[in-house]
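Each chain is listed here by its residues.
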Amino acid sequence: MRSEPHRRYDPLRDTWVLVSPGRTDRPWIGAEEAPASSPIPRFDPDCYLCPGNARVNGQLNPDYTGTFVFDNDFSALRPASQASSFEQGLLHAQGVSGACRVICFSPRHDHSLGQLSPPELRDVIDLWAEQTAELGRQYEWVQVFENRGAQMGASNAHPHGQVWAVAGLPEEAVREDATQQTHFVERQRRLLSDYAGQEAGGPRLVVDDPEWLVVVPFWAVWPFETLLLPKRAGARLSDLDEDGRAGLVRVLQDLLGRYDSLFGVPFPYSMGWHQAPFDGSSTDAWLLHAHVYPPLLRSASVRKFMVGYELLAEPQRDLTPEEAAERLRAAR
Ligand code: H2U
Ligand code: ZN
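Residues numbered from 1 in each chain as written. Chains lettered and ligands numbered in written order. Predicted model: local features only at pLDDT ≥ 70, side-chain atom pairs only at ≥ 80, totals over all residues. Heavy atoms only, no water.

Caption draft 1: Local environment of the nonpolar core. L113, W128, F224, L228, L252 and W273 are the most contacted members of the largest nonpolar core, which totals 52 residues. Ranked by residues supplied to this core, first place goes to helix α4 (residues 242-262) with 8 residues. Filtering out sequence-adjacent residues up to four positions away, W273 remains in contact with W128, Q143, V144, W212, L228, L237, L248, L288, H289 and A290. In this structure, V17, L205, V215 and W219 belong to the second largest nonpolar core, which totals 16 residues. (Core = buried A, V, L, I, M, F, W, Y, C linked by side-chain atoms within 4.5 Å. Buried < 20%, exposed > 50% of the residue type's maximum accessible area, 1.4 Å probe, protein only. Helix = DSSP H or I, 4+ residues; strand = E, 2+ residues; numbered from the N terminus. Contact = heavy atoms within 4.5 Å.)

Caption draft 2: Fine view of the side chain of S106. As for its placement among the helices and strands, S106 is situated in the loop between β6 (98-104) and α1 (118-136). For S106, a relative accessible area of 1% gives the class buried. One polar contact links the side chain of S106 to the main-chain amide nitrogen of R108, over a distance of 2.9 Å. Dropping the residues within four chain positions of it, S106 is found in contact with Y64, G66, H111, L116, H158 and P159. (Polar contact = N/O pair within 3.5 Å; in protein donor to acceptor, adjacent residues only side chain to side chain.)

Caption draft 3: Molecular detail of the packing of aromatic side chains. By the definition in use, this model includes 12 aromatic pairs. Plain terms: the ring middles of F105 and W128 are 6.2 Å apart, the flat faces sit at 85° to each other, and that makes the pair edge-to-face. Of this pair, F105 sits in the loop between β6 and α1 while W128 is found in helix α1, placing the two residues 23 residues apart along the sequence. Residues F105 and W128 agree in their burial class; the two are buried. A network of ring pairs unites the aromatic residues F105, W128, W212 and W273 as a single cluster. Lying over the aromatic face of F218, R8 brings its terminal NZ or CZ to 4.3 Å of the ring centre. (Phe/Tyr/Trp six-rings, centres within 6.5 Å; stacked < 30°, edge-to-face > 60°. Lys NZ or Arg CZ within 6 Å of the ring centre and 35° of its normal.)

Caption draft 4: Quick look at the site of ligand 1. As a structural note, the neighbourhood of ligand 1 is formed by 14 residues, with V56, N72, D73, S155 and H160 the closest of them. Contact distances for ligand 1 include 2.7 Å between an oxygen atom and a backbone N or O atom of V56. Between ligand 1 and N72 there is a distance of 2.7 Å, counted from an oxygen atom to a side-chain nitrogen or oxygen. Look at ligand 1: alone it shows 470 Å² of surface, and the protein chains cover 88% of it. A per-class count over the shell around ligand 1 returns 6 nonpolar, 6 polar and 2 charged. (Near = heavy atom within 4 Å. Areas by Shrake-Rupley, 256 points an atom, 1.4 Å probe, with all protein chains shown as cover. Nonpolar A, V, L, I, M, F, W, Y, C, P; charged D, E, K, R; others polar.)

Caption draft 5: Molecular detail of a nonpolar patch on the surface. A surface patch of nonpolar side chains, amounting to about 480 Å² of accessible area, comprises F305, V307, L311 and L312. With respect to the helices and strands, L311 occurs in helix α5 (residues 309-312). (Patch = residues over 30% accessible without salt bridge, like charges linked within 9 Å, V, L, I, M, F, W, Y side chains within 5 Å. Salt bridge = Lys/Arg side-chain N within 4 Å of Asp/Glu carboxyl O.)

Caption draft 6: Summary view of the coordination of the zinc ion (ligand 2). Within the protein, the atoms that donate to the zinc ion (ligand 2) are C47 (SG), C50 (SG), H109 (ND1) and H158 (ND1), at distances of 2.0 to 2.3 Å. Here the zinc ion (ligand 2) is ringed by 4 donor atoms whose angles at the metal span 102 to 116°, and the overall shape comes out tetrahedral. Summarised as a motif, the one-chain spacing of the donors to the zinc ion (ligand 2) is C-x2-C-x58-H-x48-H. With C47 in the loop between β2 (15-19) and β3 (68-71) and H158 in the loop between β7 (141-148) and β8 (160-166), this pair connects stretches of sequence that are 111 residues apart. The exposure class of C47 is buried, given its relative accessible area of 3%. The class for H158 is buried, based on a relative accessible area of 1%. (Donors = N, O, S within 2.8 Å, 3.2 Å for Na, K, Ca; no water. Tetrahedral: all angles 85-135°; square planar, octahedral: opposite > 155°, others 65-115°.)

Caption draft 7: Fine view of the pairing of β3. Every second residue of β3 is oriented toward a common face, the buried set being F68 and F70 and the non-buried set V69 and D71. The sheet contact formed by β3 and β6 spans 4 bridges and is antiparallel. Looking across to β6, one finds that D71 is bridged to R101. (Pairing = 2+ DSSP bridges.)

Caption draft 8: Looking closely at the sheet that holds β2. In space, the 3 strands of this open sheet follow the order β1-β2-β14, with mixed pairing throughout. In this open sheet, the two strands that pair with only one neighbour each are β1 (6-10) and β14 (316-317). Here 2 bridges tie β2 to β14, and the two strands are oriented parallel to one another. Opposite L18, over in β14, you have Q316 as the bridge partner.

Caption draft 9: Structural detail: the packing of α1 against α4. Running from N to C, α1 and α4 cross one another at 120°; their axes reach a closest spacing of 9 Å. By the criterion of interaxial angle, the relationship of α1 to α4 is oblique. Crossing geometry of α1 relative to α4 is assigned as right-handed. Contacts between α1 and α4 involve P118, L121, R122, I125, D126, W128 and A129 from the first element and E242, R245, A246, L248, V249, L252 and Q253 from the second. (Axes fitted to C-alpha atoms, helices over the stretch in contact; angles between N-to-C directions. Parallel < 35°, antiparallel > 145°, perpendicular 65-115°, else oblique. Left-handed = near helix turned anticlockwise from the far one by under 90°.)

Caption draft 10: Focus on the side chain of Q131. Residue position: Q131 is located in helix α1. Those residues within four positions of Q131 in sequence are excluded, and the remaining contacts are V69, R101, I103, G136, V142 and V163.

Caption draft 11: Expanded view of the sheet that holds strand β9 (residues 205-208). Taken in spatial order, the 9 strands make up an open sheet running β3-β6-β8-β7-β12-β13-β11-β10-β9, and their pairing is antiparallel. Of all strands in the sheet, those bounded by a partner on one side alone are β3 and β9. Averaged over all pairs of adjacent strands, the angle between their axes in this sheet comes to 20°, without regard to strand direction.

So, in structure tokens, the structure goes:
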């Protein structure tokens, strides 16, 4: 199977990916194509996220010294949407309400999440947990995420992420909820805890921390995709105890450092947390986890595109998850 084309099943999303090993026997080009980048200033007078600066709507940011959260000025969701539901034959729409917030990780314009000091990173984790608990009192799904880098659509180099909370479950949540609930009903164990057990000590392991496991999942679609799994049970960020949070600080620093050294550039990605819905159902089946989806394939400028066969048939990858994990383990 290591050298022949095959398909792999993703039990969390209930989907398949085509793996075509060997096509990467083409020479591996390392970090040669790093685009020339001008140094980033500590403070950028034109940045709408830096402390004291004006945002697009003219509102001034406070002179914050740690993290800073504000309601997104261009929210994709509104707290009380007036849209009514509609169904006419095959045409089906529904109203949806929600909230969108922006989270500045640091007042320093030139830092990234992975470059924060351990106490600063810990503050971000605590904030993610607080936002989850607070928004979960009002909405069924809380999506914490970060888009990093222009290639992932980040609008600004200032280290920041977002949280969107929504009434009702979005597509990915419905998928992952269904697979985890089914697994739990059938085996009285968590799907992702079982998966973490199977990956321990294996070829897809990237970081093995006393509290967390980072793997390139067996079914990864993106070349250097990773999955962060807590070793102890916990359905949400707000469930993480002292040790779990301290471990997450270590693991994020380790993983994000590896990503940045892989091609010698600030590694672009979308990363985010999946946590149990706040829909009143049992959280027993759920294991909190983060997905990291980076677009780069061979170098700082050669990225993977989801086109052609991927769009029309199913996702495909050349680099095997095992090879990707090996490269991430070696990157330091
Ligand atoms: P991204 O870089 O991931 O796009 O996140 C930045 C968010 O910041 C984006 O959703 C918001 C944008 O709507 N924003 C404001 O809320 N106020 C501003 O003044 C500029 C950008
Ligand atoms: Zn800034």
